[in-house]
Amino acid sequence: MGQKKDLTGSEKSKIVRYLAEGCSSLKIAKLLKRDHRTIKRFIQNSQQGRKKRVEKPRRKITAHELRKVKRAAAKMPLATSLAIFQSCNITGVPKSTRCAILRDMAKVRKAERRPPLNKTHKLKRQDWAKKYLKTDFSKVLWTDEMRVSLDGPDGWARGWIGKGQRAPVRLRRQQGGGGVLVWAGIIKDELVGPFQVEDGVKLNSQSYCQFLEDTFFKQWYRKKSASFKKNMIFMQDNAPSHVSKYSTAWLARKGIKEEKLMTWPPCSPDLNPIENLWSIIKCEIYKEGKQYTSLNSVWEAVVAAARNVDGEQIKTLTESMDGRLLSVLAKKGGYIGR
């Protein structure tokens, strides 16, 4: 004789309804044409309910152990709670307790990303700071490129979600779905650009100079007065297309040479105030985890965000240079943050 099928969802609902009406298990079995033992077993299992969780006694942490944990957390940045407690030979502490203890003395943070600085780099940064310590930075044009992708940084696509709501779907594309290379400059309280590098163009020495000719020189520099051009100092980083012999000679023919072309120390994005402008723009275009479907749409977002940056914000960035130079000297060429 084959095994009978389990009770269906419909049958279980009927059993509950019949019980509410005062029917006995025997009567329910006859109504559903089921074995009486099957009905009784279902009723008994339903009445038992969920078993209560047995609380295990928690391991108590002494004041001496707390001090050991605090020292270990300071010596082991980015370590897990388990690794910190194991280094102190403290066992038997559940994860929830470990995290609760660590929250009172530490924070979960990401590692800071910064360029590597060796002894030579630090010396060159100090020499650069001493050379330009008395410079009028309101006359310096700070330039740089930035690449923006359609997807933006993955770590920024986070935020609060209401209870009962599902997180929105986020597209996954290789290399952020592609992107746009943007060039811009800031001087005193003015934003130069932004200008878009044509899609598919790789910036070597020749294409970089042609790009500057078509955008920076024709659309902005040419309109300036002779006295402005005479006093302006052009700053660019040490990208190969910037410091090649071809680019240096080309800029010299444009009148940007010697003292008008700022030398730049290696591995020093923290000294360039336009890096802070890029952060402002990226925060705006990628807020709430926004993604884009085309290169044109992300470029339009960059332009709109740049227009919202007012002159006072730019002035704050350019006027921060005196403090940055003093910080470099105080830290003996070390990284100063942004």
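Fair warning: this is a prediction, and the values are worked out from it, not measured in the lab. (Residues numbered from 1 in each chain as written. Predicted model: local features only at pLDDT ≥ 70, side-chain atom pairs only at ≥ 80, totals over all residues. Heavy atoms only, no water.)

Caption draft 1: Structural detail: the layout of surface pockets. Considering only enclosed or pocket space, the second largest pocket measures out at about 510 Å³ in volume. A79, A106, K107, V108 and R109 are, among the 17 residues lining the second largest pocket, the residues nearest its centre. (1 Å grid on protein atoms, 1.4 Å probe; cavity = no way out; pocket = protein on both sides within 12 Å on 5 of 7 lines; lining within 4 Å. Points joined across faces, edges and corners; volume = space filled by probe spheres on them.)

Caption draft 2: Region of the structure containing the side chain of Q236. By the secondary structure assignment, Q236 is in the loop between β4 (233-235) and α10 (240-243). At 2.6 Å, the side chain of Q236 and the side chain of Y208 are in polar contact. Polar contacts involving the side chain of Q236 include one to the main-chain carbonyl oxygen of H242, which spans 3.1 Å. (Helix = DSSP H or I, 4+ residues; strand = E, 2+ residues; numbered from the N terminus. Polar contact = N/O pair within 3.5 Å; in protein donor to acceptor, adjacent residues only side chain to side chain.)

Caption draft 3: Region of the structure containing the pairing of strand β2 (residues 179-187). Burial within β2 is extensive, with nine of its nine residues counted as buried. Residues G179, L181, W183, G185 and I187 point to one face of β2 and V180, V182, A184 and I186 to the other, with burial holding for every one of them. Relative to β2, strand β1 (residues 140-149) runs antiparallel, the two being bridged by eight bridges. Across the sheet, the residue bridging to S149 is G179, located in β2. The sheet contact formed by β2 and strand β3 (residues 190-196) spans five bridges and is antiparallel. Bridge assignment links G185 to a residue of β3, and that residue is V192. Hairpin remark: β2 followed by β3, antiparallel, with two residues in the connecting loop; positive phi at K188, about 55 degrees. (Buried < 20%, exposed > 50% of the residue type's maximum accessible area, 1.4 Å probe, protein only. Pairing = 2+ DSSP bridges.)

Caption draft 4: A look at the nonpolar core. Counting residues in each nonpolar core, the largest one holds 40 residues, and the members touching the most others are W128, W142, V148, M262, I281 and I285. Residue assignment for this core shows that the elements contributing at least two residues are α7 (119-131), β1, β2, β4, α12 (274-285), α13 (295-307), α14 (311-318) and α15 (321-330). In terms of residue count, the dominant contributor to this core is α13 (seven residues). Once residues within four sequence positions are removed from consideration, I281 is found in contact with M146, V302, A305 and A306. Counting 21 residues, the second largest nonpolar core, distinct from the first, contains L141, I187, F195 and F217. (Core = buried A, V, L, I, M, F, W, Y, C linked by side-chain atoms within 4.5 Å. Contact = heavy atoms within 4.5 Å.)

Caption draft 5: Up close: the packing of aromatic side chains. Under the defined criterion, the tally for this structure stands at 15 aromatic pairs. Considering the side-chain rings of F216 and W220, the 5.6 Å spacing of their centres and the 25 degrees angle between planes classify their relative orientation as stacked. Judged by its relative accessible area of 8%, W220 is buried. Between Y286 and Y292, the ring centres sit 6.4 Å apart and the planes meet at 70 degrees, which makes this aromatic pair edge-to-face. Accessibility classification places Y286 together with Y292 in one group, the buried group. Here the aromatic residues W183, F195, F211, F216, F217, W220, Y221, F228, F234 and W250 are joined through ring pairs into a cluster of three or more. (Phe/Tyr/Trp six-rings, centres within 6.5 Å; stacked < 30°, edge-to-face > 60°.)

Caption draft 6: Spotlight on the pattern of salt bridges. If you walk through the whole model with that rule in mind, you get eight salt bridges. Measuring nitrogen to oxygen at the nearest pair gives 2.8 Å for the salt bridge that ties K139 to D136. Residue class for K139 comes out partly exposed when judged on its relative accessible area of 34%. Here K218 ties to D214 by a salt bridge, and the two come within 4.0 Å at their closest N and O atoms. Residue K218 and its partner D214 are located together in helix α8 (residues 205-219), separated by four residues, close to a single helical turn. (Salt bridge = Lys/Arg side-chain N within 4 Å of Asp/Glu carboxyl O.)

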